[in-house]
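Below are the chains, spelled out letter by letter.
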Amino acid sequence: MNATSYVAGNPVKSDQLLEVKSPYDNRLVGTVTLANASHVEEAITTALKGGKKLTRYDRFSILDKARQLLVERKELFAQTISAESGLAIREARYETGRAHDVLMFAAMESLKDDGQIFSCDISPQGKARKIFTVREPLSLAVCITPFNHPLNQVAHKLAPALATGVPVILKPSEKTPLTAILLTELLYEAGLPVYMLSTLLGPTHEIAEPLVKDPRVEIVSFTGSVPVGKRIAASAGYKKVILELGGNDPLIIMEDADMDTAVHLAAEGSFRNSGQRCTAVKRILVHEKIKDAFTEKLIARAKEYTCGDPSDPETKVGTVIDEAAAVYLEEVVKKAVVQGAKVVSGGKRTGALLEPTVIVDVPRNAEMVVHESFGPLAPVLTFKDIDDAIALSNSTAYGLSSGIVTNNMEYALRFVKELKVGTVNINEVPGYRIESSPFGGIKDSGLGIKEGVIEAMKCFTFVKTFSLPW
Ligand code: NAP
């Protein structure tokens, strides 16, 4: 696939090409024509100049048409996701379904009115007036996305912005640009006025950094790692900043847990998407009384997650994003082993392919549990009671999500109240959500500002109030 950056519907002209290679076998999957600083300026001025103002019905129609086109092309999207990211094709197909939902919910929300009315004669200080609210779109958004869900992350930025009528300059990950460009082209084809979207790839110092700093940009919406997110926070200046950053989510398994549920959630949470989800299970915290029985079953289950050629429908776990990432994961496992941990399943690496790996007796200060490890690792740690579980869960710098396996309501309520995270899912993986529900973390995982289609639409707008005599 020979793809290109776009400035407002126009393919950029440049001799700078990015080669996108398969993490699995290093074959060339496609190329992308890169943009430069002049394209950034052109994208900003074209977006701000604007064009046909979109009615709610226009926005609904474009998003709904995009949804239909995605259904028609879902196999092309899945193949592209899998080829450029190394994700197993079954995961890539699943991702197209999620992106479908994002477009559908955004289309639906674009039709809804979101104003409020405040009658003013409701206190002794009141008078006969009413105050009304309307939401107005920001003038220009910059959206920066990571590699790990090449389609869905991009859909979660573009759909809410376009549903509110906000022009976007998108800077997708250079590791997975092809899917983002396919979605860009699909949106143009669905009738999106070209001034509403530019998609730029190019060197960080020429594209992403100037876009983040530009005072004409009213919002930067970023999903990615903690260090880059903090850098953006420090450099963005006076504008709205949405940060959806890394996670280190626990699955906490209490002594009363249903064992089959616990094993299922631990394996799915750790290994789906090659463990490369911000909300993947990155720490399995299990009550010491049931640790041995749980570990035995988890080892057996892990063996079902066959790892290999991402294009094979039988493959459950594809590669991680590149060999360097796999080597990093291998290293953190080795470091934990030096500290006393034991690899009880998997652990073998071939290039960017890392077998789903179960590690037990992991010390609490191991690098893989203190920092985010973005891959198919399942580190098992034990705790002695609920106080210990809560303290251990809250002990890292992250606060994205969590999953709890228990049938004890008192336990469930304590976790809901005491975990310092954005989400608590009882008897589910930390990553459980629907695409329209509020989503996002606290502490190093984010500023507590939620995404998900409905909340993200609020981010892309500001509230104007007006009042009238009544
Ligand atoms: P990353 O390295 O932070 O990159 C994310 C994006 O930021 C990429 O488009 C990257 O561009 C760009 N970027 C890099 N340096 C930049 C700079 N100085 N200024 C502006 N943009 C810059 O993250 P990743 O490795 O792609 O993604 C994995 C991370 O994302 C994990 O930590 C994961 O937990 C997190 N994540 C969080 C959520 C959430 O909702 N909380 C969801 C998914 C993923 P290049 O590709 O060109 O370098």
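Before reading further, recall that the structure is shown in the block above.
Residues numbered from 1 in each chain as written. Predicted model: local features only at pLDDT ≥ 70, side-chain atom pairs only at ≥ 80, totals over all residues. Heavy atoms only, no water.

> Which residues make up the side chain of Asp58, and what are the values?
As for its position among the elements, Asp58 is in helix H2 (residues 56-72). A distance of 2.8 Å separates the side chain of Asp58 from the side chain of Lys52, its partner in a polar contact. Leaving out residues up to four positions away in the same chain, Asp58 has contacts with Lys52 and Lys53. (Helix = DSSP H or I, 4+ residues; strand = E, 2+ residues; numbered from the N terminus. Polar contact = N/O pair within 3.5 Å; in protein donor to acceptor, adjacent residues only side chain to side chain. Contact = heavy atoms within 4.5 Å.)

> Account for the nonpolar core, naming residues and giving values.
Core analysis: the biggest nonpolar cluster contains 61 residues, and Leu158, Val168 and Leu183 have the highest contact counts within it. Excluding anything up to four places from it in sequence, Leu183 contacts Phe77, Leu151, Val154, Ala155 and Leu158. (Core = buried A, V, L, I, M, F, W, Y, C linked by side-chain atoms within 4.5 Å. Buried < 20%, exposed > 50% of the residue type's maximum accessible area, 1.4 Å probe, protein only.)

> Now, about unusual backbone geometry: what can you tell me, with residues and values included?
Positive phi outside glycine occurs at Asn26, with the angle close to 65 degrees. As for its position among the elements, Asn26 is in the loop between strand E4 (17-21) and strand E5 (28-33). Here the phi dihedral of Asn273 falls at roughly 55 degrees; this positive angle occurs in a residue that is not glycine. Positionally, Asn273 belongs in the loop between helix H9 (259-271) and strand E14 (281-287). With relative accessibility at 3%, the residue Asn273 sits in the buried group.

> Account for the sheet that holds strand E6 (residues 117-119), with residues named and values stated.
The strand order E6-E7-E24 describes an open sheet built from three strands, whose pairing is antiparallel. In the strand order of this sheet, the two ends are held by E6 and strand E24 (461-469), each with one partner. Neighbour-to-neighbour, the strand axes of this sheet turn through a mean angle of 20 degrees, independent of strand direction. Where strand E7 (residues 129-137) lies against E24, nine bridges are found, and the strand directions are antiparallel. Paired with Lys130 across the bridge in E24 is Leu468. (Pairing = 2+ DSSP bridges. Axes fitted to C-alpha atoms, helices over the stretch in contact; angles between N-to-C directions.)

> Describe in detail the site of the ligand, supporting the description with residues and values.
Near the ligand, the surroundings consist of 29 residues, among which Thr145, Lys171, Ser225, Leu245 and Glu372 are the closest. With respect to the ligand, the side chain of Glu209 contributes an N or O atom lying 3.1 Å from a nitrogen atom. For the ligand, a nitrogen atom lies 2.6 Å from a polar atom in the backbone of Leu245. The leading source of residues in the shell around the ligand is helix H8 (residues 226-235), at three residues. Both domains that furnish three or more residues to the shell around the ligand are identified here as domain 1 (2-245 + 446-469) and domain 2 (249-434). (Near = heavy atom within 4 Å. Domains from an automatic or database assignment.)

> How would you summarise the pattern of salt bridges if you had to cite specific residues and measurements?
When charged atoms on two side chains of opposite charge get close, those side chains can pair. Summed over all chains, the structure comprises 33 salt bridges. Between Glu41 and Arg216 there is a salt bridge, and its shortest N-O distance comes to 2.9 Å. Residue Glu41 is found in helix H1 (residues 37-49), and its partner Arg216 is found in the loop between helix H7 (208-213) and strand E11 (219-223); the two are separated by 175 residues along the sequence. Each member of the salt-bridge network shares a partner with another, and the members are Arg90, Glu91, Glu268 and Arg272. (Salt bridge = Lys/Arg side-chain N within 4 Å of Asp/Glu carboxyl O.)

> I'd like a description of the state of the cysteines, backed by residues and values.
With the rule as written, the count across this model stands at zero disulfides. Take Cys143: it sits in no disulfide, and the sulfur closest to it among the cysteines is that of Cys459, at 10 Å. Of the residues examined, Cys143 reaches a relative accessible area of 0% and is grouped as buried. (Disulfide = S-S within 2.5 Å.)

> Quick rundown of the pairing of strand E18 (residues 357-360)? Include the residues and the values.
What you see with E18 is no split at all: Thr357 and Ile359 on one side and Val358 and Val360 on the other are buried throughout. Bridge count for strand E15 (residues 342-345) against E18 is three bridges, and the pairing is antiparallel. Opposite Ser345, over in E18, you have Val358 as the bridge partner. Alignment of E18 against strand E19 (residues 377-383), held across three bridges, turns out to be parallel. For Val358, the partnering residue across the bridge sits in E19 and is Ala378.

None of this, on its own, says anything about what the molecule does.
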